[in-house]
Structure formats: structure tokens, C-alpha cells
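# Secondary and tertiary structure notes
So the chains spell out like this:
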Amino acid sequence: MRRTIRPFAAVLAVAAAALTLTVWPDDWSAQARFLVLGGSMLVLVVLFDVWRRPRRPPWVGVGVPAGPAAGSVDGGWESGTVVTAGSPDPQWPEEPVGEVDVSSATFCGRGENVAEILGAYRIARERRADHRRRGEAGPVSDDTVGRPVVIAIHGKPGVGKSVLAKELARRLENDHPDGSHHANFGNAGDPLAAAEIIVNLLRQLDWHEKLSQDPADNLRTFRTLTAQRRALFIFDAARDHQQVLNALPAGSGCTVIVTSRLDLQAGLRTPSWRLDEPAMDDALDMFHTLAETSPYRDPVCTATIVESCGRLPLAIRSAAERMLHERAAPCSIAKSLDPPETRLERLTHRDRSPERVFETQYRHLEGDEQKAFHLLALVPSPTFLPWVLAPLLFDTRVGRAESIATRLAELQLLEVDDRRWADRPRYRMHPLVRLFAERKAGDDRPARYAQELSRLWEAYLWIVGAVVKEIDRTLPESALPQAPIRHEIGLRVAADIAQSRQRLRWVRAEHRTLVGCVEELHRARNWPLCWRVASWLGECYPHDGDLERDLNAVALGIQAADNDNNRIGRIDVRRAMGSLLIRAERYVPAGKHLMEALEQARAHPGLLTRLREGLIQLKLAEAYVQQEAPCEVTPRLRAARQIFGELGRTNELQLVRIIDDINNQVSSGAEFDPDGHADDQLGFWSAVAQAEERRRREQWREAADSLRGAVRRSEGDISREAFILYRLACLHLEQLNVVEDGDGSVVRAAVRRAAEARMLYRRMGNRPGELRARCVLARALVAAGEPVPAEEHIKYVADHLPELVGEAPSASGPIEARLAWARGDLLRARGGRQDDARSALLSASTKFEDLDDIQSQNAVRHAINAMDDPGVDRPSTALPRQRADTTNSAYAATAAGTDAASVVTLLRKTRDSTLPPSGWRVILAALDIVGPSPGPDEFGELRAVITSLSTEDDPVWKRRIGGSPGTVPPAGRNRFDELIARLAAAEHPSPGGPQREEH
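Remember, predicted model here, so these are calculated numbers, not experimental data.

Here we come to the overall build of the protein. In terms of helices and strands, the protein carries 44 helices and 10 strands. When each of the 999 residues of the protein is scored for burial, the buried share is 55%. Counting only contacts in the protein whose residues sit at least 6 apart along the sequence, the fraction spanning at least 24 positions is 71%. Total accessible area on the protein is roughly 42600 Å²; 51% of this is exposed by carbon and sulfur atoms.

Spelled out as C-alpha cells, the structure:
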């Protein structure tokens, strides 16, 4: 209405001025004319302002918020009689207006969060439209009528809540023609008063009249203004739900986005989305966008920067802006962030400071809560159960310790870890928050809190002893430490941890603590408990581990077992030492310790020693799988299978079968259910095997999901995480060679996963793993069109490979083969003389053949075939297209076969069981052996398989030559077309030989 009156008022003012100056009586003096003109203009101005000023509609009463509605689902406030159920509602379109698809210049990532929130927003809008339709026919009972849509977001400081809120507002701006308005509910850490917030919002709504001294009047004015508007509001940094309720607009056409560090869901009666650190890919995208750098520039250093920031968006933004402002290289920024002591200062840039936002939350703590926060910096492990505060805070009961941990979590200074023990939450500190806590505790914290640390170690030793007693009843009672905390609490915790799956998780979570316990127990000469705890240390390698300290702790365990004169202890601790060295890929000393354990097991026959003999053989097999040396895996698995079969060990036999499938690149037909296994080791390898099966089916996304599931089953183990990242990089490279990568997402994922694997291997001090990851990273960079950094990685591997021959000779062969493969890809991509590229690829192929690595050998063979076939379409990535393996053993066995009989047999077995995409590859695998002119038997079986892959309406031999199925790689199309021509001739023989049928 106001918009309609304004132009008429302007026209009326112009008409009055014209009448005054022209047609009015001539005897009027100029002074009288101007006096009348001025008076009329003044009246018009007043009338215009009156029309412009919003009036309170008669249906709007007087009211203030009275708290959340009891039945609200997506609304979240009750305003008394501000808007009645029968009041007119803004006319909202039946279908939501489409959001803008293009992101702002600096916003990236968070795609899943944005999609989820916008989906909930659309549902809320549709619900209101449905209420309006039902209200036209009769009374409306739903209490969401007349309320705005509230989108609540909460999370720790610096996680990007405000940036996400602004992006949501930008995407919803077309739905809100009356504009968007922003209100910060806090000022320098202190909450703003409700009256000040309302005044700020009124100014943004173009309210120019004098404001009332009564805040209630201003609130009524604000709700009157918004009753019929479709506006969007951002309430940033809300301190509590009442602060939000006191400022909500009146109309259901409005939308309010609320950000807070607290979960306001209960008070607002609306879902609140928890915003955590972004995934690694999103975090990397943020950094590259803000730093204005290529995603392929120094990918390892970039990943290191993001990890140093703990993937916290505020810290990422600070590091990126600093790099951009100082024009520094990513590796320089990564190096500057490496020392933990100065990381918080390095992440402070201009007005961005993670330390400052942590300080804001820290000031809300009481005295004992602040002390508890300081003391948690003394806990060795990154995650912990709340009971640790009981010994740290003297004379504090476990219940009070849990309350303090809950309070710290509410203030986002602690996070609830995904890993839980029964009904007990496990907490962790964000890496940057931990640095902040250590700073608050002081550099002299070990000396200042010596008594607290002593009580903590006493408590840990007793809990560890209780866990060991639950697992191993042979532990002498004299080896159990005294209980420094309530006995029943510790026993309940110990019983939960002692479960098989929980114990493995606990060992990964508390690895650093267990290392300290071994050292304390050795000093106390508690030999029985010392070696039993040390035998667990080979089961994982944590992110924050110190390899030399860990190896020294296991060595102390070996001494303890010898001093305890325990036969099983000598075997178990030496097996743990070998396992730990294998995770670091120090194969020579690992083999020495495992062989000693094997000899001791064989020297004392018995069921327990026989079981350990099988476990040692299985560990050796895992080591060769890690090295990518399939030829060495089979004899170890055969020995382990025999032992576990004698003992009737079902789980171990299943594990042997799974690893055998992975090694041979075949499927035994077993159904893999990683989530169904209570044993984390069995679940891990089951997930890897499931990924391999899906890879052979060319189900790329599902295969990657399986590998990520394997990481979740071994969370906290850096060695397994690096192993999975390496396999993910290989998976993406294979995917890149089979499908087109239109948006570059696949090659980008390959580069990132290889770079992350290399970063983790280097952090572990794992030289073979780092060189292996560099080879794959070089191939990925070639695919990304970055030959120079790829060549640098190839040269690094070539220079350091001779050193590896003495350290890990069994690992050097596979790395030599992958180095030759990477060199061949680089030479192919650079063009020029292709003889050198062919020679490098042939060298890789023969090395893979020596290793019995059929999958890699076939991939290299097809790269060579692609070079020889001038009609092959080269992929945009400049890498050769490789063919995937089949879903069963046909492809691997066919590729390894040499005679026609084996080809015929395998084709016959494949005919009814192979899925179409894999069936074409079985045919091509057969053609690789029999050539373009198969014999009668081979031809008959080939025809039968192709017939099974055809339809009645479209038999394959009626297709035009050159139009072979899209699932057939370009390298095989010539041979395939020749076979189709022969099939067509056999179906419709003619005197002139095979005829090409035109359609």
C-alpha cells in the first residue's frame, strides 16, 4: 500500500506547484504565491510521511513473548495475541522460489550442510502453505500459523556458523523480497540487551521516527512492521534461547537464521544443526579458495596446513589470508605452523585469532572448572573418559567430574567423541583448544601439578590392571595396583573396556597412556602386568605416537617377560614388537622379532603356542599385502589356514579367506559385512575386501565408501589410515582411466588422497610408505596436467630407493615397479619420443609379473596397447585407459592362462554369472590370449558369452562395426570389431566372406 501511495503523492505535489505558479489569480503578489506554494508542499510532505509510516493493523494486539509453544515443531515461540489465528497471512507462493545456485566468491564446501538445511526450510514452508489452505476452509488448529521459520545452527567457536548463515541468507534472498537484516547478539563477548537489539533492527527496517523509552513499545512496533513482510533475519552469536524469542518477528513470511555456540533446540523448540569441522576435501577447498591458489600446488604442504589448523575454518581462513598477504609459499606456511608452541600465534592474522575466541568461552568457567580445564592438558591421550578428573581434582567424586566435563562440553571447550563405552561419553579436545589449555596451564605444568599427575598415573595403573585381570585370569593378585578411585566405578569401567571390540578401541584411544603405564610398571618392577600391557602396543600406531618411545616401551615389555619367565609372554611381546615395526615398514628387524617368536612357539608345542604360530603367519601375510608383494602372501596364508583349521578358529579362518581374496584380486563369493563383525580387525579387512569387489564391478562411489568405512573401523591408527588413503588414490586413478572426469573431481581426489597418504607416512617415519605414495602422487599429478611436480616426486623416489634396499629389501621391488610406471606415464604425457615411455612401461610390466601382481601388470599392458593403437582416443588426463577386473576369478585366471582349453573353460563358467560391464572385459581378456582369430571351440564360447550379453531386439552381431558397446575400452575396439564381423558372418554366411551390415 505504501509503495502505491508514494508515486501519487509525488504527482500531486508537482500539480500543486504548477497551479500555484500559473493559473491562480493574477492579482496575487509573488509573496502570496510562494506562501501558498510552501504551505501546500509542507502539507503534502506531512501527508506523504504519514502514508509512509506503517500503521498497526486492527488485528494486531499487544503482547510480548511468553516462551516456546508446547506443540511447536518448526516454529519456536508463543507471542500471546500479537498475531491471532484468524489474521490475514502474507500470500506465499504454493511452490518455494528457487534459490540462487552460484556460491559467493569466498564460500565453498559445506555442500551437505547447505542441502540439508535448505531441504528442512522447504518442508517448513510447505507446511505453512498447507495450514493456510486448510485455514481458508475452516478453523486452523496447528499453532505454527503466524510464526516465522527458524533455522538454528550451533557449534564451537570458529567453526564457520556465521559464514554459513550468510550463505544461506544469500541463497534464500529471492524468497524474501523485503530484504535481509543482520543483528549481532553479542559485543566483545558480552550479550546485548534485548532493547538494543530491537532498536538496531528497527533502524534496518527504515524506521525513522523517534523511538519510545519503553522497550515494550519498540517491540510492538517491530512486530507490527514485520507482520506482513517477507524478510530474512540473521541473529548472530545468540547467548540463549530467550534472547532470540525476545526479538523474533511476527509474520510467518519471515525467516530467522540463528547462530549460537550453544544448542538452543530445547528452548526454541526447533531443530538445531550442529556444525563440526568440515571434511578434509571441504577444508582444502576453503583454503585454496581463500588463498587463491591451485588445488594442485604443493598438495602435501596444503594438507599439512589444514591438519595443523585442525580443519577449523577460522584457523584455515587465517592461514590462507596470511599466505595471500605475505605472498608466501604453502610449504613456508606449513613449516611455520609445525611447532605446537607457536602455532596459535602463527594462526593469528589481523582480526582473526582462534585463541581469542577460546578465551571468550574460557571466561565463562568457574574456578574449579578452569582448573579442571588446565589439568586436562596433562592427560596423555587425545581422548578420555570423565573419571580422569576425579584423581586430578583432589577429593572430587566421579559424579562431580562428569558434571564438569559436561559443562566444558556445553561451552564447546570439549567435544563428545564418537567412540563410547557403554552409556559413557568419551571426550576429546580440539587440537587447537588443547594448545590453548596447555598455555593456560603454563610451561611448568609438569612440576606445578606433580601431585595431580602422580594421582592420575596411580588411577590409570589401577584401571589398566583391572582390565588385564578381566581378560587374563592368570594375572597374579599381587600384580594389581591399589585403587585410588572408587572401587565400583573402576570395576564397571574395566568390565566395559575388557570386551574384545572395546579393548581394541581403548588401546587405540589410550595408546600414549599405555606407553606411560609400561614405563611406570617397569620402574616398579611389576613384571607380570608390564609385559601384558606391552603386548597390546603392536595393535596400532596412533597419530600422536612417538615410534622410538613406543619401541622402547615394547623392549621393556620383552625384558619384563624374560624376568617373569613366562613362555607365552615372551612370544606375545616379541610378536607385538614385530607388528609395531611392520606398521612402520621396518621389515628387517620386524622379521627378526617375528621369527624369534615363531621359534619359541614351535619349541613349546601346545594349543596356546600353536594359536600364536598361526597369528604370526597371518601377521607376515599382512606385511606382504602392505608391501604389494602378492607372491609372498600365499605361502603365509596357507600356513595360517592350516593352523587355524586344526584349532577350529572360525574368525581367524574367515580373516585368512578375506585377505586371500584381496591378494588374488578375486571374490570367493562370500558376503562382506564390515559392520556385522565385533572384531575390528576382521571388520577392517572385510571392508577392504568389499571395496575391492566393488572396484571390480566399477562401482566407484561404493568402493570409496567401503574404504572410508575401513578407516572408521580403525580410527586413531595412523598406519591403517595411510594404507587406506593410498588405496583410495589408486582407486581414483583407475576410475579416471575408465570414466570421463568432466569436472576434474576425480583427479583432484586422487591427488589429495595420495598427498595425504604421503604426509601420514612421513609423519610416521615410514620410508617405504612415503616412496610408494610419491609414485602414485606423481601419476595423479601427471593426470592433473602438472608434469613438473610429478617429475620432482619421481626423481626423489629414484634418488632414495637405493637406501631402501638395505632397510627394507622386500619392499623395494614393488616400489621399483611403480616408479617405472610413473616414469612411463610422465613420458607419455610429455609426447616426443614414445620409445622411452614404452620402455619404462614394459619395465614396469615385467616387474609386476615377477611380483605376481596381475592387476597392475594388466593395467600397464593396456597402457602399452593404447600407445600401439593409433585409433585409440586418448583421455583428457593423458593417462592410459585401464580395464577393471571382473566380479569373479575369470579375468585374473584368463589373463594368467596360456592355452585355449583354459580360455574355453573360463568362458563357459563366466557365461551365466558375469554382469554385462564385466562380461565385455572377459571377452577382451580372452582376445588378449587367443588373438583376433580364435579357434572353433574358443569362437563358440565367445559367441555364447556375447549372446548372453545381448537382447533379442538388439543382437550384438547386428551392430554396426565400430559401434561397439561403450563399456568396451578404446584399446580393445579394433579386436572386438573384428570378432563382431566374424560373428555376423557366422550368423549370415555369404560367399564373399564377412559383410558389414549398415543400418
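This next bit is on the pattern of salt bridges. Counting across every chain of the model gives 60 salt bridges. For the salt bridge of Glu548 with Arg586, the shortest nitrogen-to-oxygen distance reads 3.2 Å. With Glu548 in helix 25 (residues 547-564) and Arg586 in the loop between helix 26 (567-583) and helix 27 (587-603), this residue pair connects regions lying 38 residues apart in the sequence. With relative accessibility at 29%, the residue Arg586 sits in the partly exposed group. Close ionic contact of Glu628 with Arg772 constitutes a salt bridge, the shortest N to O distance being 4.0 Å. Residue Glu628 is found in the loop between helix 28 (607-627) and helix 29 (630-647), and its partner Arg772 is found in helix 35 (residues 767-783); the two are separated by 144 residues along the sequence. As far as burial versus exposure is concerned, Glu628 and Arg772 are alike and both buried. Because the salt bridges share partners, they merge into one network encompassing Asp281, Asp285, Arg752, Arg753 and Glu756.

Turning to the UniProt feature "transmembrane region" (unreviewed entry) in the protein, a few remarks are in order. When the UniProt feature table is mapped to this numbering, "transmembrane region" (unreviewed entry) covers residues 35-51 and 372-394. Measuring from the first to the last C-alpha atom of residues 372-394 gives 11 Å, for a span that is 39% helix and 9% strand.

Right, let's talk about unusual backbone geometry for a bit. With phi around 55°, Arg327 is a residue other than glycine that occupies positive phi space. Relative to the helices and strands, Arg327 resides in the loop between helix 11 (313-326) and helix 12 (330-336). Classification of Arg327 by relative accessible area gives exposed; the value is 79%. Non-glycine residue Glu698 carries a positive phi angle of around 65°. Note that Glu698 resides in the loop between helix 31 (680-696) and helix 32 (700-713).

Bringing the packing of aromatic side chains into the picture now. On inspection of all chains with the given rule, the structure shows 14 aromatic pairs. Note on Phe684 and Trp685: the rings are 5.2 Å apart at their centroids and 85° apart in plane angle, and the pair reads as edge-to-face. The same class applies to Phe684 as to Trp685, namely buried. The ring of Phe684 has Arg720 sitting right over it, with the charged end atom 4.2 Å from the ring centre.

Relative orientation of the contacting elements helix 33 (residues 718-738) and helix 35 amounts to 30°, with a least axis distance of 10 Å. Taken together, the axes of helix 33 and helix 35 are roughly parallel relative to one another. Considering only the axes of helix 33 and helix 35, their crossing is left-handed. Contacts from Tyr726, Ala729, Cys730, Leu733, Leu736 and Asn737 in helix 33 reach Arg772, Ala773, Val776, Arg779, Ala780 and Ala783 in helix 35. For the contact of helix 33 with helix 35, the class distribution of residues is nine nonpolar, one polar and two charged.

Running from N to C, helix 26 and helix 28 cross one another at 5°; their axes reach a closest spacing of 11 Å. The orientation of helix 26 with respect to helix 28, classified from their angle, is roughly parallel. On the side of helix 26, the interface is formed by Arg567, Ile568, Ile571, Asp572, Arg575, Ser579 and Ile582, while helix 28 contributes Leu608, Thr609, Arg612, Leu615, Ile616, Lys619, Ala623 and Gln626. Across the contact of helix 26 with helix 28, the residue classes break down as seven nonpolar, three polar and five charged.

Within the largest apolar cluster, 216 residues are counted, with the highest numbers of intra-cluster contacts made by Phe373 and Trp685. If we ignore the near neighbours within four places in the chain, the residues touching Trp685 are Glu622, Val625, Leu655, Ile658, Ile659, Ile662, Arg720 and Phe723. Among the nonpolar cores identified, the runner-up in size contains 28 residues, and Leu202, Leu219, Leu245 and Cys254 belong to it.

Compared with an ideal rise of 1.5 Å per residue, which puts 14 residues at 20 Å, helix 32 spans 20 Å between its outermost C-alpha atoms and is within 8% of the ideal. The complete set of buried residues in helix 32 reads Trp700, Ala703, Ala704, Ser706, Leu707, Gly709, Ala710 and Arg713.

What the five strands build is an open sheet, ordered 2-5-6-1-7; its pairing is parallel. Two strands lie at the open edges of the sheet, namely strand 2 (180-184) and strand 7 (272-275), each paired on one side alone. When strand polarity is set aside, the average angle formed by the axes of neighbouring strands in this sheet is 20°. Two elements, strand 1 (residues 149-155) and strand 6 (residues 255-260), share six bridges in a ladder whose sense is parallel. Bridge pairing in strand 6 links Ala152 to Val258.

Moving on to the side chain of Arg574. Considering the arrangement of structural elements, one finds Arg574 in helix 26. Other than its neighbours up to four places away in sequence, Arg574 contacts Ile558, Asp562, His593, Glu596, Ala597 and Gln600.

Strand 6 sits mainly inside the fold: six of its six residues count as buried. Residues Thr255, Ile257 and Thr259 line one face of strand 6 and the alternating positions Val256, Val258 and Ser260 line the opposite face, and both faces are buried. As paired strands, strand 5 (residues 232-238) and strand 6 are joined by five bridges and run parallel to one another. Counted as the bridge partner of Ala238 is Ser260 from strand 6.

With that settled, consider helix 6 (residues 215-226). Spanning 12 residues, helix 6 covers 17 Å between terminal C-alpha atoms, matching the ideal 16 Å at 1.5 Å per step. Along helix 6, the residues that are buried comprise Asn218, Leu219, Phe222, Arg223, Thr224, Leu225 and Thr226. Buried residues along helix 6 sit against helix 5 (194-204), strand 5 and helix 7 (241-245). Of the residues that open helix 6, the one with a side-chain oxygen 3.1 Å from the backbone nitrogen of Ala216 is Asp214.

Within the secondary structure layout, Arg426 lies in strand 10 (residues 424-428). Classification of Arg426 as buried rests on a relative accessible area of 0%. Separated by 2.8 Å, the side chains of Arg426 and Thr383 make a polar contact. Engagement of the side chain of Arg426 in a polar contact is seen with the side chain of Glu510, the distance being 2.5 Å.

Counting all residues, the mean pLDDT for the protein is 78, and 71% of those residues have values of 70 or more. Per-residue pLDDT, averaged within each element of the protein, yields its smallest value for helix 40 (residues 890-896) (36) and its largest for helix 24 (residues 527-534) (96). Contacts from residues 1-6, a stretch scored under 50 in pLDDT, to residues over four places away or in other chains number 10 contacts. For the stretch residues 909-919, pLDDT sits under 50, and the model shows 20 contacts to residues farther than four places along the chain or on other chains.

Attention now moves to the environment of Arg712. Summarising the element assignment, Arg712 is placed in helix 32. Given the relative accessible area of 59%, Arg712 is considered exposed. Measuring from C-alpha to C-alpha, the distance between Arg712 and Gly683 comes to 10.0 Å, with 29 residues separating the pair along the chain.

Thresholds applied
- Residues numbered from 1 in each chain as written.
- Predicted model: local features only at pLDDT ≥ 70, side-chain atom pairs only at ≥ 80, totals over all residues.
- Heavy atoms only, no water.
- Helix = DSSP H or I, 4+ residues; strand = E, 2+ residues; numbered from the N terminus.
- Buried < 20%, exposed > 50% of the residue type's maximum accessible area, 1.4 Å probe, protein only.
- Contact = heavy atoms within 4.5 Å.
- Areas by Shrake-Rupley, 256 points an atom, 1.4 Å probe, with all protein chains shown as cover.
- Salt bridge = Lys/Arg side-chain N within 4 Å of Asp/Glu carboxyl O.
- UniProt positions renumbered as here; feature names shortened; annotations may be inferred.
- Phe/Tyr/Trp six-rings, centres within 6.5 Å; stacked < 30°, edge-to-face > 60°.
- Lys NZ or Arg CZ within 6 Å of the ring centre and 35° of its normal.
- Axes fitted to C-alpha atoms, helices over the stretch in contact; angles between N-to-C directions.
- Parallel < 35°, antiparallel > 145°, perpendicular 65-115°, else oblique.
- Left-handed = near helix turned anticlockwise from the far one by under 90°.
- Nonpolar A, V, L, I, M, F, W, Y, C, P; charged D, E, K, R; others polar.
- Core = buried A, V, L, I, M, F, W, Y, C linked by side-chain atoms within 4.5 Å.
- Expected span 1.5 Å × (residues − 1).
- Pairing = 2+ DSSP bridges.
- Polar contact = N/O pair within 3.5 Å; in protein donor to acceptor, adjacent residues only side chain to side chain.
- pLDDT = per-residue confidence, 0-100.

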